[in-house]
Amino acid sequence: MSIQKTLSIIKPDATARNLTGIINARFEQAGLRIIAQKRLRITREQVEKFYEIHREKAFYESLCEYMSSGPVVAQVLCGEDAVAKNREIMGATNPANAEVGTIRRDFGESIEHNAVHGSDSLENAEIEIRFFFSQLEIIE
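S.K.: It is not clear to me how the sheet that holds strand 4 (residues 116-118) should be interpreted in this structure. Could you clarify?
M.R.: Strand pairing within a sheet occurs via backbone hydrogen bonds; the two strands may be parallel or antiparallel. Spatially, 4 strands are ordered 2-3-1-4 in an open sheet, and the strand pairing comes out antiparallel. Strand pairing shows two members of the sheet lacking a second neighbour, strand 2 (33-40) and strand 4, which therefore form its edges. Ignoring strand direction, the axes of neighbouring strands in this sheet form an average angle of 20°. One ladder, built from 7 bridges, connects strand 2 with strand 3 (residues 72-80); its direction is antiparallel.

S.K.: Please clarify how the pattern of salt bridges should be interpreted in this entry.
M.R.: Here the idea is simple: oppositely charged side chains can pair when their charged atoms come close. Counted according to the given criterion, the structure contains 7 salt bridges. For Arg17, the salt bridge identified is with Asp13, shortest N-O distance 3.1 Å. One salt bridge in this structure joins Glu137 and Lys38, with 3.0 Å as the shortest N-O distance. In this pair, Glu137 is assigned in the segment after helix 7 (122-132) and Lys38 in strand 2, connecting sequence segments 99 residues apart. The class of Glu137 is partly exposed, set by a relative accessible area of 34%. Taking the relative accessible area as the measure of exposure, Lys38 reaches 24% and is therefore partly exposed. Salt bridges sharing partners connect three or more residues here, namely Asp13, Arg17 and Glu109.

Criteria and cut-off values
Residues numbered from 1 in each chain as written. Predicted model: local features only at pLDDT ≥ 70, side-chain atom pairs only at ≥ 80, totals over all residues. Heavy atoms only, no water. Pairing = 2+ DSSP bridges. Helix = DSSP H or I, 4+ residues; strand = E, 2+ residues; numbered from the N terminus. Axes fitted to C-alpha atoms, helices over the stretch in contact; angles between N-to-C directions. Salt bridge = Lys/Arg side-chain N within 4 Å of Asp/Glu carboxyl O. Buried < 20%, exposed > 50% of the residue type's maximum accessible area, 1.4 Å probe, protein only.

Right under this line is the structure:
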């Protein structure tokens, strides 16, 4: 096991329903620390760049429109095996398939409006963290 950092985004559907605090509590109760956090509105251009890896997929356009539709909370989580731990806490992408007690099962409305984004690998976590945060903003 190793101490890692990962990116988490609380998506527009969850911020609109004022779920930021309860979602953050889930991360902290599971042993992850929030070492950087900001509330922002991502522009369409920023979203397109962030999700560029999905450009050829059918859901890309709707994902970009949705993620730029309202404020999000971007944050860096830190802890033992943070990438895997965060993915476990989030649950499956489709809330209907997520385990009981996970964020997506409890707060997700659909596959796209599923409350949270989390890095899927350590390599992508590093890229995604740099997209939203400078080193000065990350307080370990």
